[in-house]
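In case you want the letters, here they are:
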Amino acid sequence: MDVWQIIMMLAMVVQLVTEAVARLYPRGTVYVAAAVGVVVAVVTQTGVLDALGARVTAPLVDQVLTGLLLAGGASALNTLLQYLRGPKAPAA
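Residues numbered from 1 in each chain as written. Predicted model: local features only at pLDDT ≥ 70, side-chain atom pairs only at ≥ 80, totals over all residues. Heavy atoms only, no water.

1. Observations regarding the nonpolar core
Step number 1: Within the largest apolar cluster, 13 residues are counted, with the highest numbers of intra-cluster contacts made by Trp4, Ile7, Val14, Val40, Leu70 and Leu77.
Step number 2: Looking at which element gives the most residues to this core, the answer is helix H1 (residues 3–24), with six residues.
Step number 3: Not counting chain neighbours up to four residues away, the residues in contact with Val14 comprise Ala33, Val36, Gly37, Val40, Leu70 and Ala71. (Core = buried A, V, L, I, M, F, W, Y, C linked by side-chain atoms within 4.5 Å. Buried < 20%, exposed > 50% of the residue type's maximum accessible area, 1.4 Å probe, protein only. Helix = DSSP H or I, 4+ residues; strand = E, 2+ residues; numbered from the N terminus. Contact = heavy atoms within 4.5 Å.)

Structure representation (structure tokens):
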């Protein structure tokens, strides 16, 4: 499994946990998502900047940024991945 597949799976986990918590406590869902995303990224030591090949001198900062991306959910990360891959080649 490559790092982007792992990041997508983590985003889905964050989204599922956030939805479960939101059923119990509907207020502040954005903050719950951000907190869960950051915790998951830090605990798993997952960083998007590192995955992009950037030289990361502060892994914790990369992990916090990744956690915030994870909080956006799988659809936000899918949009980012599509942007990074560039336009699709036209069909023949």
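There is more to say after this.
2. What about the environment of Ala35?
Step number 1: Residue position: Ala35 is located in helix H2 (residues 29–44).
Step number 2: A sequence separation of 29 residues divides Ala35 from Val64, and the C-alpha atoms of the two residues are 9.5 Å apart.

3. Side note on the packing of H1 against H2
Step number 1: At a minimum axis distance of 9 Å, the contact between H1 and H2 shows a crossing angle of 140°. As for the relative orientation of H1 and H2, their crossing is right-handed in sense. The residues of H2 that touch H1, namely those facing Leu10, Val14, Val17, Thr18, Val21 and Ala22, are Thr29, Val32, Ala33, Val36, Gly37, Val40 and Thr44. (Axes fitted to C-alpha atoms, helices over the stretch in contact; angles between N-to-C directions. Left-handed = near helix turned anticlockwise from the far one by under 90°.)

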